[in-house]
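Fold and contact review
Single-letter residue listing:
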Amino acid sequence: MRYLHTMVRVRDIDESLDFYCNKLGLEEVRRMDSEAGRFTLIFLAAPEDVDTAKAGGAPMVELTYNWDPEDYQGGRNFGHLAYAVDDIYETCDRLAKGGVTINRPPRDGHMAFVRSPDGISIEILQKGEALPKSEPWASMPNTGAW
């Protein structure tokens, strides 16, 4: 058995791609529109996984957009997506400057949480050992739910 992808339903393709690609840094690998099914699937991969994902060997995030409006509740009950990053402080700073709320700041230099426009929790983990504690992150409180 091999892990393939995680599917997340989205309400607005442009808003979701802005978050996942422009702010979080994922890259679109492929897209499929189904007129008969009235949906669009967009597969995204982390930059280090794009080539492997295109060959079918790396897990991806599948954004599912249903053409007929639906109201998706929850988000947190989904669980979360998790990504390892080279520098958690730089990543959180870039996300915050892009207008993303850091719900659980990386106070420990190891873990943070943000949420997508559709309320999906995204865990950001420092690759390898935790970075030394650093302000303003070390004393920053949680904001909202994560």
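Shown above is the structure to which this text applies.
Residues numbered from 1 in each chain as written. Predicted model: local features only at pLDDT ≥ 70, side-chain atom pairs only at ≥ 80, totals over all residues. Heavy atoms only, no water.

**Topic: the overall build of the protein**
Operational definition: Strands are runs of DSSP state E lasting at least 2 residues, helices are runs of H or I lasting at least 4, and numbering of each runs from the N terminus. For the radius of gyration, the atoms used are the C-alpha atoms, and the globule rule reads 2.2 Å times the number of residues raised to 0.38. Only protein chains enter the accessibility calculation, which uses a 1.4 Å probe; a residue whose area is less than 20% of its type maximum is buried, one above 50% is exposed, and one in between is partly exposed.
From N to C terminus, the protein includes three helices and eight strands. Reading the protein from its N end, one meets helices and strands in the order β-α-β-β-α-β-β-α-β-β-β. Computed over its C-alpha atoms, the radius of gyration of the protein comes to 16 Å, within 12% of the 15 Å expected for a compact globule of 146 residues. The C-alpha extent of the protein, read off along each of the three principal axes, is 50 × 35 × 30 Å. Each of the 146 residues in the protein was classed as buried or not, and the buried ones make up 41%.

**A closer look at the sheet that holds strand β7 (residues 111-115)**
What counts here: If DSSP finds at least two bridges between two strands, the strands pair. Interaxial angle, 0 to 180 degrees, is taken between N-to-C directions of lines fitted to C-alpha atoms, where a helix line uses only the stretch in contact. The contact criterion used is simple: two residues touch if any of their non-hydrogen atoms lie within 4.5 Å.
Pairing within the open sheet is mixed, and its four strands lie in the order β5-β8-β7-β6. Whereas interior strands pair on both sides, the edge strands pair on one side only; in this sheet they are β5 (80-85) and β6 (102-104). Across the sheet, the mean angle separating the axes of adjacent strands is 35 degrees when strand polarity is ignored. Where β7 and strand β8 (residues 121-126) come together, five bridges link them in antiparallel fashion. Bridge assignment links Phe113 to a residue of β8, and that residue is Glu123. Against the sheet, helix α3 (residues 88-97) contacts β5, β6, β7 and β8, and its axis sits at roughly 145 degrees relative to β8.

**Here we look at the side chain of Glu123**
The criterion, for reference: Counted as positive: Lys and Arg. Counted as negative: Asp and Glu, with His and the chain ends omitted from the count. Every case where a carboxyl oxygen of Asp or Glu lies within 4 Å of a side-chain nitrogen of Lys or Arg is listed as a salt bridge.
Note on placement: Glu123 falls in strand β8. Buried and unpaired, Glu123 has no salt bridge, with Arg104 as the nearest side chain of opposite charge at 8.1 Å. If sequence neighbours within four positions are ignored, Glu123 has contacts with His80, Leu81, Ala82, Tyr83, Met111, Ala112 and Phe113.

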